[in-house]
Amino acid sequence: MELPFAESFKIKMVEPIFRSTLNERELWLKEARYNLFNLKAEQVYIDLLTDSGTGAMSDRQWAELMLGDESYAGATSYYKLKATIEEIFGFPYFLPTHQGRAAENVLMSTLVKQGDIIPGNSHFDTTKGHIEFRKATAFDCTIQEAFDTSLLHPFKGNIDLEKLEQVLRSYPRERIPMIIVTVTCNTSGGQPVSMQNLREVKAMADKYGIPVCFDSARFAENAYFIKLREPGYAEKSIREIVAEMYSYADMATMSAKKDGIVNMGGFIGFKDEELFRRATTYNIMFEGFITYGGMSGRDMNALAAGLKESTTFEYLETRIKQVEYLGQKLLDFCIPIQQPVGGHAVFVDALKFLPNVPREEYVAQTLALELYLEAGVRGVEIGTLLADRDPVTRQDRYPALETVRLAIPRRVYTNNHMDVVAVALKNIWDRRDEIRRGYRIAWEAPIMRHFTVQLEKLS
Ligand SMILES: *Cc1c(COP(=O)(O)O)cnc(C)c1O
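Only a predicted model underlies this, so the values are computations on that prediction, with no experimental measurement involved.

Engineer: Explain the overall build of the protein to me, using residue names and the numbers behind them.
Structural biologist: Secondary structure assignment for the protein yields 16 helices and 14 strands. Its C-alpha radius of gyration of 22 Å places the protein within 12% of the 23 Å reference for a compact globule of 459 residues. Dimensions along the principal axes, computed over C-alpha positions, put the protein at roughly 60 × 55 × 45 Å. Counting all 459 residues of the protein, 56% fall into the buried class. Taking the contacts inside the protein whose residues are at least 6 apart along the sequence as the reference set, 73% of them involve residues at least 24 apart. Taken as a whole, the protein presents about 20,000 Å² of accessible surface, with 54% of it coming from carbon and sulfur. Put simply, the protein has 55 plus and 62 minus side-chain charges, and the middle of one group is 2 Å from the middle of the other.

Engineer: An account of the site of the ligand is requested, with residue identities and associated values reported.
Structural biologist: Close to the ligand lie 14 residues; Gln99, Arg101, Asp215, Ser255 and Lys258 are nearest. At 2.8 Å from an oxygen atom of the ligand is found a main-chain nitrogen or oxygen belonging to glycine 100. The fraction of the free accessible surface of the ligand (380 Å²) that becomes covered by protein chains is 97%. A per-element tally of the shell around the ligand places helix 4 (residues 100–111) first, with three residues. Grouping the constituent residues of the shell around the ligand by class yields two nonpolar, six polar and six charged.

Engineer: Summarise the nonpolar core; cite the residues concerned and give the values.
Structural biologist: Counting residues in hydrophobic clusters, the biggest one holds 58 residues, and the most contacted among them are Phe89, Val181, Phe214, Phe219, Met245, Tyr246 and Leu307. When we break this core down by domain, the ones giving at least three residues each are domain 1 (22–51 + 313–457) and domain 2 (59–310). Every residue in contact with leucine 307, bar those within four places of it in the chain, is listed here: Leu81, Thr84, Ile85, Ile88, Phe89, Phe219, Met254, Asp259, Gly260 and Phe267. Listed in part, the 50 residues of the second largest apolar core include Trp28, Phe353, Trp429 and Ile435.

Engineer: Any chance you could break down the packing of aromatic side chains for me, citing the residues and the numbers?
Structural biologist: The relative placement of two aromatic rings is captured by the distance of their centres and the angle of their planes. In this structure the tally under the stated criterion is 20 aromatic pairs. Relative to tyrosine 246, the ring of phenylalanine 89 has its centre 4.8 Å away and its plane inclined at 80°; by these criteria the two rings are edge-to-face. Remark: tyrosine 246 occurs in helix 9 (residues 238–247) and phenylalanine 89 occurs in helix 3 (residues 76–89); sequence separation between them is 157 residues. Considering the side-chain rings of phenylalanine 353 and tryptophan 429, the 5.0 Å spacing of their centres and the 70° angle between planes classify their relative orientation as edge-to-face. Residue phenylalanine 353 is located in helix 13 (residues 350–353), and its partner tryptophan 429 is located in helix 16 (residues 415–430); the two are separated by 76 residues in the primary sequence. An identical accessibility class is assigned to phenylalanine 353 and tryptophan 429; each is buried. One aromatic cluster in this structure is built from Tyr78, Tyr79, Phe89, Phe91, Phe94, Phe214, Phe219, Tyr246 and Phe267. The ring of phenylalanine 5 has lysine 321 lying over it, and the distance from NZ or CZ to the ring centre is 4.4 Å. Taking NZ or CZ as reference, arginine 432 lies 3.7 Å from the ring centre of tryptophan 429, over its face.

Scoring rules and cut-offs
Here, residues in each chain are numbered from 1, in the same order as that chain's written sequence. Residues qualify for local features only when their pLDDT is at least 70, as the model is predicted, and side-chain atom pairs are given and counted only at 80 or more; totals for whole chains, interfaces and linings, by contrast, use all residues. With hydrogens and water excluded, all non-hydrogen atoms of the structure serve as input to the side-chain values. Secondary structure is summarised from DSSP: a helix means a run of H or I of at least four residues, a strand means a run of E of at least two, and numbering begins at the N terminus for each. Every radius of gyration here is taken over C-alpha atoms, with the globule rule written as 2.2 Å times N^0.38, N being the number of residues. Residue burial is assigned from relative accessible area. The probe radius is 1.4 Å, only protein chains are included, and a residue is buried under 20% of its type maximum, exposed over 50%, and partly exposed in between. Contact definition: two residues touch when any of their heavy atoms are within 4.5 Å. Only the protein chains shown count as cover for residues, with accessible areas throughout obtained via the Shrake-Rupley method and a probe of 1.4 Å. Charged residues are defined here as Lys and Arg on the positive side and Asp and Glu on the negative side; His and the ends of the chain fall outside this count. Where a charge sits is defined by one atom per residue type, namely NZ (Lys), CZ (Arg), CG (Asp) or CD (Glu). A molecule or strand has a residue near it when one of that residue's heavy atoms lies within 4 Å. Identification of polar contacts relies on pairs of N or O atoms within 3.5 Å, with a donor-acceptor requirement for protein atoms, meaning one able to donate a hydrogen and the other able to accept it, and with residues adjacent in sequence counted only if both atoms are side-chain atoms. Asp, Glu, Lys and Arg are counted as charged, while Ala, Val, Leu, Ile, Met, Phe, Trp, Tyr, Cys and Pro are counted as nonpolar; the rest, among them Gly, fall into the polar class. We call a set of buried Ala, Val, Leu, Ile, Met, Phe, Trp, Tyr and Cys residues a nonpolar core when their side-chain atoms join them within 4.5 Å. In this document the domain limits rely on a domain assignment from an automatic tool or a database. Between the rings of Phe, Tyr and Trp (Trp by its six-membered ring), a pair exists once the centres lie within 6.5 Å; its type follows the angle of the planes, with under 30 degrees stacked, over 60 edge-to-face, and the other angles tilted. Each ring is checked for a lysine NZ or an arginine CZ that lies within 6 Å of its centre and within 35 degrees of its normal; such an atom marks a charge sitting over the ring.

Spatial relationships are all this shows, so hold off on functional conclusions.
Shown next, in the form of structure tokens:
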């Protein structure tokens, strides 16, 4: 008999979590104005709100914390991280930042001006925010297949090269400061980009003389999918695949809270010394001196160790098999999800799950709240609340997909926890016909409303 698969770690330290009763959860949810961001973390049993900064560090990473050098300038921790980034990504220059959006702020302060166009594959919200804040435009060139949840495609994060070339041809070179490729593509469901696509995007960018930036939060998960799904890469190591991926990038922004497996941190990598020098001024102004830029020495040490761990096949296999495990359980229960399952999360298709709830009553939010009530599981709405109002008409914008995202923290929960999540959703699925009403907005902020919105239950 073939030995079954098991995790590539054992557990050295545990953190207790508590189940609650339905009565308690009903009360807490009412107090939280039906906004899951307002819950206290201790009111949540299994927290799948995000995989950002919520991972468990290894014993090696904790040991590295003790070796941190907190010198203002020239800390050994900076040189340790610098050597690791050069070894893994091939970037000879880098700037530490306090998280991913800070890296975006520094890079875009250096490169983006009013009226610019920045093509890419479904830009992440903070990326888009930094672009639009500068009165520039994020142009989405993702392949059309990404927007059909039940269509199986191995690389739904790919850029449509025809759409890209059309943009590059339509605007002068000076108005396109860069192309941003997000690996894996968070917004389209943690979907990977193929090596061939990265290579072709770089070739096209070179033809038009435009630099390519990788938004790199889940770069290692992307490499894992290339190894498993793309012809010619099965025998290559994750490190070899990452090295080839980044041979097609001129620079990168990184949220280290994802594949860096640290709770806080980020960086920008550069191949060009001149660009690095220009960005340094903004980094010193917004983040900190070149050799710490918003990070403690100990955290740079933990990040260097985390990058080495996240680029091993054993780590990635354990990680992604757990996400697949939850996805498969849901499919076995016939629950509609985005397919194939991405690297960091399972997305439940709320429009197919709750067809009786009117679109104006926030279908995905209704499902996310039901899931919390059922079992104390916290997911997040990726739907109309998040999409927010049209800036001009002030009407709700209805996105193509209305989903509940179940993001899985790295090395935190066991598959028994995944079973609880799956059965909780199955119980809701079985009584889905009775769920006919959703929620209305009682109060909302003028921008980024989903974080603070207050809702009222409709009946
Ligand atoms: C999380 C994330 C960011 C922003 O990083 P923060 O560390 O949250 O500031 C940018 N891009 C992608 C793809 C992300 O997933």
